[in-house]
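# Understanding the architecture of this molecule
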Amino acid sequence: MVISDFAIKRPMITVVTMVALVVFGLFALWRLEVDEFPDIQQPVVLTFIPYPGASPEGVEREILKPVEDAIKGISGVDKMFGTAGDGYAQIITLFLFEKDPQVATQDIRDAISGIRADLPIEMKEPVLQRFDPADQPIVSMTIASPTMTPAQLTRLADPDITSDLRGIPGIAQVQLVGGVEREMTIQLKPQELQAAGIGVGQVVQALQSQNLAAPVGRVNGNLDERTIRLQGRLEGPQDFMNLVVAERGGQIVRLGQVADAIDGTQEQRSLALYNGVEAVGINIVKAKGYSTTDVSAKIRAKVAEIQKTLPVGVKIDIVKDAGQRVQASVRNVEEALLIGALLTVLVVFVFLNSWRSTVITGLALPVSVLASFIAVWAFGFTLNTMSLLGLSLAIGILIDDAIVVRENIVRHIEMGKDHMTASHEGTDEIGLAVAATTFSIVAVFVPVAFMYGVAGQWFKPFALTIASSVLVSLFVSFSLDPMLSAYWADPQVEAHERRNPIARTLDRFNQWFNRMAIKYKSVIAWALDHRVAMVLIAVGSFVGALALPAVGLVGASFFGSEDQSEVNIAIETPPGSNLAYTRIKAEEAARMARAHKEVRFTYTTLGGQTGDVNTGNIYVRMLPKSDRSIGAEDFGRQLREEVGRIGGATMSVFTNDF
């Protein structure tokens, strides 16, 4: 065989090639970004249309149906889901997978613009957003204080804290939840307005014309120029009170004579509660192309620095951190990968009964695994659970080729041939069979990478990682294994004796195993004599396996149940409910959750960027699995029964974010 002959003839080139694969693999591993799941690009567009003051029925009739009809005419639309709420319409459009998300977004924007003249003039401009699982916040935190009001906490959080967080590399957005924005409220005095002969319109016009800052021109000198800007932005209540509204009878009428200026806050449209205490929440979204674990670690370090500068009594608590979950998930897969590799090498040692043979075949594992990281990096994948799962499943396959090659070389040595000849002829003899086995595995997994839709994006790292690692293992078995077998002799194989106690013990084990294999011949003989029975058993097993999911004995889901020590409760109150009512219902459910000893804390968020105050979410953080006796799934079912008894609201309990 060309590869094995060249490897044996040029051992130094073979060693350098293997070292290069290992070095480049380590470099690729260092460059890989770490994430929990592959990067999924879904052609899904969310359209949010505000229509203030309209009922759900009016929104459906005047906004939702016309817009849905316009979107249906766009090419590539697969499915569409519309929702009419109190003062808003929301449309989720799913396009065919080959549709470019950016083109899909522009098509929807153009379709709405085409019917804008037929829509109510009170409707605000639509907000379009492409759905991306990566846009979910990776870190959520709260800022709370027993001595400061939510308005004071908001001014503390934005812009100071949010600006510091936005300066971290890899941060795309920093969103505020439960913030109370400052607002100057003008309370008119009807009697004074009537006495002064001033209308409400005049007051509004005075506020608009005199509370502004605008450039008014420039002054040019001989060699320079200066820009002139009108500094008319009012700051405090007293500035507003001195504002001139009109002139009556030669006297100036100021705003303070016909109204009161109160430094207050805007109407709150979102709320954050940490263990029932009002707080200000901060959600941080990661930018694409950055590692979740790396960005999370930087956020934690920055929060520790910010905490030292905050006033006494103000505390920042990190309630959700996807970085730690991703790190734990990847670490679990890495541990399984390492344990599988060690057990594989142990099994090889037990059956080959030679530490030299074990080393020669075992070298295929680290070389193949590390070299596969080159392919993962070259394909643009991240180091996630799917790519690592592919390596975990391929561990046993990676060493198969090396075992077959080494075993055949040993057989030729036992026949009396020298190591060089045995390595050449032993590899040539089974080269075609080993290559056929490897390429059959590649032929099974490579088509998986070309599956259509979201499933294809999920399984592409899995399939291509297995295919790449198996191909590398084939190259190692045809190059490194024959070379080491040719130059690294095994005295025990040549002498046909076992000199150490471990080898003699394993030899007795192999003899016992051979006796069991001889007894297995009787099973084969029975199968050959009862062909009809064997066919019926095979067909029955196949049909029974397919019937298990059909009859409900085995469940099916895209994601398996995983205990992440968290439960989410989605809450929705009837249309027309205000924030206070939603808070009452949410707190009732949160108290039920906190009553369980397995719960560490609850984090409630109501309202949000959509302005819809009758929806919210309760994040329930549980104790670590080692400190509780009930699993997250069982606790979720129990909590689902409890919150289901709450009237006046709809509660949905989930044990994950998917």
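This text goes with the structure placed above it.
Worth saying up front: this structure is predicted, and the values here are computed from it rather than measured. (Residues numbered from 1 in each chain as written. Predicted model: local features only at pLDDT ≥ 70, side-chain atom pairs only at ≥ 80, totals over all residues. Heavy atoms only, no water.)

## Focus: the overall build of the protein
To keep things clear, this is the line we draw: Numbered from the N terminus, helices here are DSSP runs of H or I no shorter than four residues, and strands are runs of E no shorter than two. Just to be clear, the radius of gyration here is over C-alpha atoms, and the globule rule we use is 2.2 Å times residues to the power 0.38. Type-normalised accessible area, obtained with a 1.4 Å probe on protein chains alone, sets the label of each residue: buried when under 20%, exposed when over 50%, and partly exposed for intermediate values.
Counting its regular elements, the protein contains 22 helices and 19 strands. The globule rule puts the C-alpha radius of gyration for 658 residues at 26 Å, and the 35 Å found for the protein is more than 25% above it. Taken over the C-alpha atoms alone, the protein extends approximately 125 × 75 × 55 Å along its principal axes. Burial statistics for the protein: of 658 residues in total, 41% are counted as buried.

## Remarks on the pattern of salt bridges
Where side chains of opposite charge bring their charged atoms close, a pairing between them can arise. This is how the line gets drawn: Any carboxyl oxygen of Asp or Glu within 4 Å of a side-chain nitrogen of Lys or Arg constitutes a salt bridge here.
Going through the model one piece at a time under the given rule, you end up with 14 salt bridges. Linking Lys99 and Asp107 is a salt bridge whose minimum nitrogen-to-oxygen distance equals 2.9 Å. What makes Lys99 buried here is its relative accessible area of 14%. With relative accessibility at 23%, the residue Asp107 sits in the partly exposed group. Between Arg300 and Asp321 there is a salt bridge, with its nearest N and O atoms 2.6 Å apart. Taken together, the residues Arg300 in helix 10 (residues 292-309) and Asp321 in strand 15 (residues 315-321) connect sequence positions 21 residues apart. The class for Asp321 is buried, based on a relative accessible area of 11%.

## Focus on the sheet that holds strand 3 (residues 88-95)
Where we set the bar: Two strands pair under a simple rule: DSSP has to find at least two bridges between them. Each axis is a line fitted through C-alpha atoms, and for a helix only the stretch in contact is used; angles between axes span 0 to 180 degrees, taken between their N-to-C directions. Note on contacts: a residue pair qualifies if any of its non-hydrogen atoms lie within 4.5 Å across the two residues.
Pairing is antiparallel in the open sheet, where four strands are placed in the order 2-3-1-4. Taken across any chain shown, the strands that pair with only one partner, and hence form the sheet edges, are strand 2 (77-85) and strand 4 (127-130). Pairs of neighbouring strands in the sheet enclose a mean axial angle of 15 degrees, with direction left out of account. The strands touched by helix 3 (residues 56-72) within the sheet are strand 1 (44-50), strand 2 and strand 3, with strand 2 carrying the most contacts at an inclination of about 165 degrees.

## With respect to the packing of helix 12 (residues 355-362) against helix 15 (residues 400-414)
Where we set the bar: Here is the rule for handedness: rotate from the far helix to the near one, and if that takes an anticlockwise turn smaller than a right angle the crossing is left-handed, while a clockwise turn gives right-handed. Only Asp, Glu, Lys and Arg are considered charged in this grouping, and only Ala, Val, Leu, Ile, Met, Phe, Trp, Tyr, Cys and Pro are considered nonpolar; every other residue, Gly among them, is considered polar.
Relative orientation of the contacting elements helix 12 and helix 15 amounts to 140 degrees, with a least axis distance of 9 Å. Here helix 12 and helix 15 pass one another in a crossing that is right-handed. From helix 12, Ser357, Ile360 and Thr361 reach across to helix 15, where they touch Ala402, Ile403, Arg406 and Val410. In terms of residue class, the contact of helix 12 with helix 15 is built from four nonpolar, two polar and one charged.

## Quick look at the environment of Pro482
Inspection of the secondary structure puts Pro482 in helix 17 (residues 454-487). Separated by 63 residues in sequence, Pro482 and His419 have C-alpha atoms that sit 9.4 Å apart. If sequence neighbours within four positions are ignored, Pro482 has contacts with Ser4, Ile8, Val405, Ile409, Ser423, Thr427, Val476 and Ser477.

## Description of the packing of helix 16 (residues 419-445) against helix 17
The condition is simple: Orientation is classified from the angle alone, with under 35 degrees giving roughly parallel, over 145 giving roughly antiparallel, 65 to 115 giving roughly perpendicular, and any other angle giving oblique.
One can describe the packing of helix 16 onto helix 17 by two numbers: an axis separation of 9 Å at closest approach and a directional angle of 175 degrees. By the criterion of interaxial angle, the relationship of helix 16 to helix 17 is roughly antiparallel. Class assignment for the residues of the contact of helix 16 with helix 17 results in 18 nonpolar, seven polar and no charged.

## Points about the packing of aromatic side chains
Heads up, the rule is: Aromatic rings from Phe, Tyr and Trp, with only the six-membered ring used for Trp, were paired whenever their centres fell within 6.5 Å, and each pair was classed as stacked if the ring planes differed by under 30 degrees, edge-to-face if by over 60, and tilted otherwise.
Here the structure, examined in full by the defined rule, presents seven aromatic pairs. Relative to Phe601, the ring of Tyr274 has its centre 5.4 Å away and its plane inclined at 45 degrees; by these criteria the two rings are tilted. Of this pair, Tyr274 sits in strand 13 (residues 270-274) while Phe601 is found in strand 17 (residues 599-607), placing the two residues 327 residues apart along the sequence. Both residues of the pair, Tyr274 and Phe601, belong to the buried class. With 5.7 Å between their ring centres and 35 degrees between their planes, Phe379 and Phe381 make a pair best called tilted. For Phe379, a relative accessible area of 46% translates into the label partly exposed.

## Remarks on helix 15
Heads up, the condition is: Expected helix span is given by 1.5 Å per residue-to-residue step, counting one fewer step than there are residues.
Its 15 residues place the ends of helix 15 21 Å apart at the C-alpha level, agreeing with the 21 Å of an ideal helix rising 1.5 Å per residue. Buried within helix 15 are the following residues: Asp401, Ala402, Val405, Arg406, Asn408, Ile409, Val410, His412 and Ile413. A positive phi of about 105 degrees marks Gly416, the residue just after helix 15.

## Section: the pairing of strand 13
In terms of burial, strand 13 is a largely internal element, five of the five residues being buried. Judged by which residues are buried, strand 13 turns out to be covered on both faces: Ser270, Ala272 and Tyr274 on one side and Leu271 and Leu273 on the other are all buried. Direction of pairing for strand 13 relative to strand 17: antiparallel, over a ladder of five bridges. Bridge assignment links Leu273 to a residue of strand 17, and that residue is Thr604. Adjacent in sequence and paired antiparallel, strand 13 and strand 14 (residues 277-286) are bridged by two residues, among which Asn275 carries a positive phi angle near 55 degrees.

## Details of the nonpolar core
Where we set the bar: We call a set of buried residues a nonpolar core when its members are Ala, Val, Leu, Ile, Met, Phe, Trp, Tyr or Cys and they connect through side-chain atoms within 4.5 Å of each other.
Grouped together as the largest cluster of nonpolar side chains are 36 residues, with contacts concentrated most on Phe373 and Leu388. Residues contacting Leu388, with those up to four places away along its chain left out, are Val330, Val333, Glu334, Phe373 and Leu383. By size, the runner-up hydrophobic cluster in this structure holds 25 residues, among which are Ile571, Ala586, Met622 and Ile630.

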